[in-house]
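The chain contents come next:
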Amino acid sequence: MSEYLGRARKGVAAAFGFLAGFDYYWRKIGHAFVTLISVTTITFVLFRLMPGNPAQAMRAQFEAQLEGSGQAADPEILDQMVQVHTGFDPSQPIYMQYFEYVRDIVLYQDFGQSIQYGDPVFDILFRAMPWSVFISVYGLALGYSTNILLGAAMAYKEGSRFDGTMTVVATFLNSIPYYVGALLFLAFFAHDLGWFPSGGRYDTSIEAGLNPAFMASIVHHGALPIMSSFIVGFGGGALAMRGNSVRILGADYLRVARLRGIGSVRIATRYVARNAILPLYTQMMIGIAAVFSSSVVLEYIFTYPGVGWYTFDAINMRDYPLLMGSFLFFTIVTLVGILLAEFTYGIVDPRAGSGGENESY
Amino acid sequence: MQYPNTHPNDATQMTQSLSNQEFQDGDPESILEVRDLDVIFDMDRGESRVLDGVSFDVHRDEMLGIVGESGSGKSMFASALLNAVVDPGRAGGEVIYDDPDAGPVDVLSLSEDQLESFRWEEVAMVFQGAMSSFNPTMKIDEHFEETIQAHGKPMDERMAHARDLLADLYLDPDRVLGSYPHELSGGMKQRALIALSLVLDPEVLVMDEPTAALDLLMQRSIMNLLDTLQAEYDLTIVFITHDLPLVAGLADRLAVMYAFEFVEYGPSEAVIRDAAHPYTRALLKSVPSVDAALEDMNPIEGESPDPVDTPAGCSYHPRCPLADEQCVAEDPDYHDVGEGRGAACFHWERSSEAVDYELGVDPVVPDEPSRAAHGDEETVISLEDLEVHFDQSGFIDRLFDQDATVRAVDGVDLEIAENEVVALVGESGCGKTTLGKTAIGLQEPTVGTVRYRGHDVWEAKRGEGEIDHDRIRRALQIVHQDPGSSLNPTRTVRTSLAAPLKRWRPDLNSSDRETVVHNLLERVGMKPAEDYALRFPHQLSGGEKQRVVLLRALLMSPDLILADEAVSALDVSLRVEMMELMLSLQELFDTSYLFISHDFANARYLAEKSGGRIGIMYLGNLVEIGPAEEIIHDPKHPYTKVLRWATPPLDPDAAREARETEPPIREIDIPDPTDPPSGCPFHTRCPEAREVCREREPELMGSEGEASLAACFREDDDHAYWESDPIVEESTLENTS
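Quantities reported herein were computed from a predicted structural model and do not represent experimental measurements.

**A few points about the interface of chain A and chain B**
- Every contact between the two is made by 25 residues of chain A and, on the other side, 32 residues of chain B.
- Both faces combined, the contact of chain A with chain B buries some 2800 Å², and carbon together with sulfur accounts for 60% of it.
- Across the chain A-chain B interface, the total number found is four salt bridges.
- Counting across the chain A and chain B interface gives 14 residue pairs in polar contact (both at pLDDT 80 or more).
- Every element with two or more residues in the side of chain A that touches chain B is listed here: α1 (2-21), α11 (252-259) and α12 (264-301) of chain A.
- Grouping the constituent residues of the side of chain A that touches chain B by class yields eleven nonpolar, three polar and eleven charged.

**Structural notes on the pattern of salt bridges**
Residue and element names in this part refer to chain B.
- Under the definition given, this model contains 42 salt bridges over all chains.
- The closest approach of N and O atoms between R90 and D42, which form a salt bridge, is 3.0 Å. With R90 in strand β4 (residues 90-99) and D42 in strand β1 (residues 30-43), the pair connects residues that are 48 residues apart, well separated along the chain.
- Its salt-bridge partner being D634, residue K636 comes within 3.6 Å of it at the nearest N-O pair.
- Given the relative accessible area of 11%, K636 is considered buried.

**Quick look at α11(A)**
- Here α11(A) has its buried residues at A:Y253, A:L254, A:V256, A:A257 and A:L259.
- Once α11(A) ends, the next one or two residues include A:G261, with phi positive near 85°.

**What to know about a nonpolar patch on the surface**
Residues and elements named next belong to chain A.
- Where nonpolar side chains cluster on the molecular surface, the patch consists of V45, L49, I94 and Y95 and spans about 400 Å² of accessible area.
- Mapped by element, the contributors of at least two residues to the nonpolar patch are α2 (23-49) and α5 (94-108).
- In this fold, I94 is placed in helix α5.

**Overview of the nonpolar core**
All names here are of chain B.
- With 114 residues, the main nonpolar core has F77 and V206 as its most contacted residues.
- Non-local contacts of F77, meaning those with residues more than four positions away in its chain, are made with V34, L37, L51, V54, F56, I66, M257 and F262.
- Residues V493, L521, M526 and L555 belong to the second largest nonpolar core, which totals 74 residues.

**Here we look at the pairing of strand β6 (residues 123-126) of chain B**
All names here are of chain B.
- Residue alternation in β6 divides its side chains into two sets, V123 and M125 and A124 and V126, and both sets are buried.
- Where β6 meets strand β7 (residues 204-208), four bridges bridge the pair, whose relative direction is parallel. Note on β7: the bridge partner recorded for A124 is L205.

**So, the sheet that holds strand β12 (residues 341-343) of chain B**
All names here are of chain B.
- With mixed pairing, eight strands are arranged side by side in an open sheet as β6-β7-β8-β3-β9-β10-β12-β11. Pairing within the sheet leaves two strands with one partner each, and these edge strands are β6 and β11 (335-338). Direction aside, neighbouring strands of the sheet carry axes that sit 25° apart on average.
- Strand direction decides the pairing type here: β11 and β12, joined by three bridges, are antiparallel. Among the inter-strand pairings, D336 is bridged to a residue of β12, identified as G342.
- Here helix α2 (residues 74-81) sits on the sheet in contact with β3 (63-67), β6, β7, β8 (236-241), β9 (253-258) and β10 (261-267), set at roughly 150° to β8.

**What about the confidence of the model for chain B?**
All names here are of chain B.
- Per-chain confidence: chain B averages 81 in pLDDT, with 89% of residues scoring 70 or above.
- Low pLDDT, under 50, characterises residues 1-26; the predicted model gives this stretch 39 contacts beyond four residues in sequence or across chains.
- Confidence drops under a pLDDT of 50 for residues 730-737, and excluding neighbours within four residues, the segment shows 20 contacts in the predicted structure.
- The complex model carries a pTM of 0.75, and its ipTM stands at 0.73.

**Side note on the sheet that holds strand β14 (residues 405-417) of chain B**
Residues and elements named next belong to chain B.
- What the four strands build is an open sheet, ordered β14-β13-β16-β17; its pairing is antiparallel. Of all the strands in the sheet, just β14 and β17 (455-456) have a single pairing partner and so form its edges.
- Both strand β16 (residues 447-452) and β17 contribute to a ladder of two bridges, which runs antiparallel. Residue pairing for β17: R451 is matched across the bridge by D456.

Cut-off values and rules
- Residues numbered from 1 in each chain as written.
- Chains lettered and ligands numbered in written order.
- Predicted model: local features only at pLDDT ≥ 70, side-chain atom pairs only at ≥ 80, totals over all residues.
- Heavy atoms only, no water.
- Contact = heavy atoms within 4.5 Å.
- Buried area = accessible area lost by both parts, 1.4 Å probe.
- Salt bridge = Lys/Arg side-chain N within 4 Å of Asp/Glu carboxyl O.
- Polar contact = N/O pair within 3.5 Å; in protein donor to acceptor, adjacent residues only side chain to side chain.
- Helix = DSSP H or I, 4+ residues; strand = E, 2+ residues; numbered from the N terminus.
- Nonpolar A, V, L, I, M, F, W, Y, C, P; charged D, E, K, R; others polar.
- Buried < 20%, exposed > 50% of the residue type's maximum accessible area, 1.4 Å probe, protein only.
- Patch = residues over 30% accessible without salt bridge, like charges linked within 9 Å, V, L, I, M, F, W, Y side chains within 5 Å.
- Areas by Shrake-Rupley, 256 points an atom, 1.4 Å probe, with all protein chains shown as cover.
- Core = buried A, V, L, I, M, F, W, Y, C linked by side-chain atoms within 4.5 Å.
- Pairing = 2+ DSSP bridges.
- Axes fitted to C-alpha atoms, helices over the stretch in contact; angles between N-to-C directions.
- pLDDT = per-residue confidence, 0-100.

Set out below in structure tokens:
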């Protein structure tokens, strides 16, 4: 028995030691959690305090409906109807409403019900999410790989005509807003040339499933939105990568590596690219947030029903529960992106360690 | 060690210049023969010739020391030996490498592929910046592996060799190989780099200022290790440095570089004892060392020539006391000045009369400490029981009671009187800069008080004292190590210097201020002052910038100036000049100096000349303090003795003696400052440590008839130390813990 206890104690101690070793990570998760709570609270309170807030608007709507049908508007019944639709009781004080809203989210994944569609908000967003992730992540990945390759090539040919031209091109592309690019793409590739469809997520005439035709139609429909979000991540990154690479190319360790006879491929990848990417890495992860927020406008332009499209729609239709839900979605995506960047940065750059360790005194 | 044989000399040739023909005869003793080597950079203002027709032989299995000031072309020579001159430089001439297996090859005409295998397999190189010679995102072992792989050598055999090398360099192979570069200290990185350069068993190792960024003690330890490595692996070492004393005692031969060519070469002892070239003699005179008489140290007048516009004839003639028409008209060849020696000077026979120097003058320790015995002077700054801690522990560390506090200063008492010079010496990370900053009120002490003329500085800062804080702030000034970054690049010298006057001397109008600035500039030798006053910092040399910074601090009429490594960034030959200036300005402005240096020789110069004190710091403790003469010539604390050992003497006899004595230290690396040893902080490295040193911490104490204090039990004849058992050596390898 005592042996068993001893082993258990050792196990617990080891687990604590293990977890304590991740002090930095716990702290960062804590920060993210605090941010999430604050954002939820602030959006909730803002919506509630807005003149013509959703509950009032809805109440007025029902009142009108009831009066229209000749019934007397009983305030209690009205409150109940509002509660059914929004998930909170307007007669309760605001902190109780907030508490119930959060409780419903945490316990039942209940974000309320969309006024416009009548479906639970969670279901709508959950269905739309993969599509948004699809176009955003591909746009981002494409943008950044191009940035890195182009920046490296520009640095390698520093001062050449290629370098000069590409600097101008990158600056130009960087200064075009993505929605202007999206509109031009739509006008040119979809309407004039007809190469790509002007809206939708896939061809509804094809049977949905894991068949090549359906896959191809997804790519076909996604191409223009992806190209547009590519512009969001493009341009500035190439110039930053160029600057970093030029700096690394002058580093002492590169000279030593050349003298040691290390092959040029290894030097280009393991020495130059690896070190030049470091500063871009955090920027890229935070860029995820920019790409998702840009999807609000992009998806609307391309009539691509992702989270962004529903958000825009919810704004127009005053569908507050849906709007609130998609805000939460964007916040979570951004926070996860930043957390990922923070956690993986130690792998990408071994010097980062657990923050502030190498402070000199 | 025996000097390798050199060219056979005819008696008749003694005074004739060595003909070029003789150089051309392949010498079986030579492993590298350099012929008419030029390195040229095309610049906007003309062709910059950074190596000018150099012909030189490197002998097999020798340690060749190449000495020169910065910008003399010595690094270019190193790069050219590997045909690795950086773009857009072009190397011309011949570098013949005598391959023991394949016969002679011209390195400069090898193809890229041939060069790739030539470098590192035959000739390897170690650079100055070990900090930046490793890829920061790769572990040390990957550097070794990729090198072995790139050269197609058997991996296991070579990695085993790498482990042997690391162990030879007093490193723990497992720990070092598994680390990222940033996880190692500077000294460890430098040694790992040396191991990396030797992993393919090259014949020649070229080292370009490999120890310049390191502490003296680490430099010295590495030099000793090099000596061992050379014998063990039959290496030829070309060691390039600006620091003559460092290499003088270890190198077999010395070659002195001036203005892009060698002016003198020969067996090291002969060159040091009786240098033939006036430049070598002047250089020997200008280098601060611990054993030369202070009166003998003099800066070299004038400036090194510009590579675009080297003087015609002998490049040294504008600075040379012996120069005549012949020197201006003709470029001198090497004159044979002795067994295996050459000097590029027409008048080498007269050089000893013109430039006189002496080595290793026996110090005359004055019976009575000169100015150090003050007492009548008022105390400017007094530090009482000072502690400064930096907390590095995170929340969880605290939860689990893990103490990650660095005690940068751990209980120091110090008083600085008016017009006194106190020099603090110690290895990097010993807390000397923190102590200095605390003394001038830049860093708040964790425990203890800092008093300025009896007033608590931090009370005054909070507005609770009787004295205005502005007065204290004005009285305590600082001069940083890097003069470049302490001057505003967009302000002229005059604006920079007038700023303090505007603030503190409102009675002066702008023309008065200009007069003051001009007078001062002239006084520090920046003439014409009107011209210098209008220059921007980038138009000044390093020494000139440092002078402006010093003047700016002095214009506040401070009582104390913290000079933090103020001369370390300057060229060796300029240091004496700068310190001389500091001392003369001290008298003019009536100020005290707290001089911080890792270099014993500099501290000695400044403190001994002004009759000041030297304090030795180790891991936040002041372990010994006293008059400069006593500390230098009669060190008490074992750590002071170590530092003294690490400061190489110039005198060949003393150097040989120092070289033969084992380093008086048990471990090369400093213990982790977050986990300092118990008891006496030095006991982990102290050769005299006994069991009692583990448990109890010694206080500063003096012994009879001596003015200096040392924190060591050995000072007390009745201490329990003498009955205690010596600490038994646990392992021969450091870093194993």
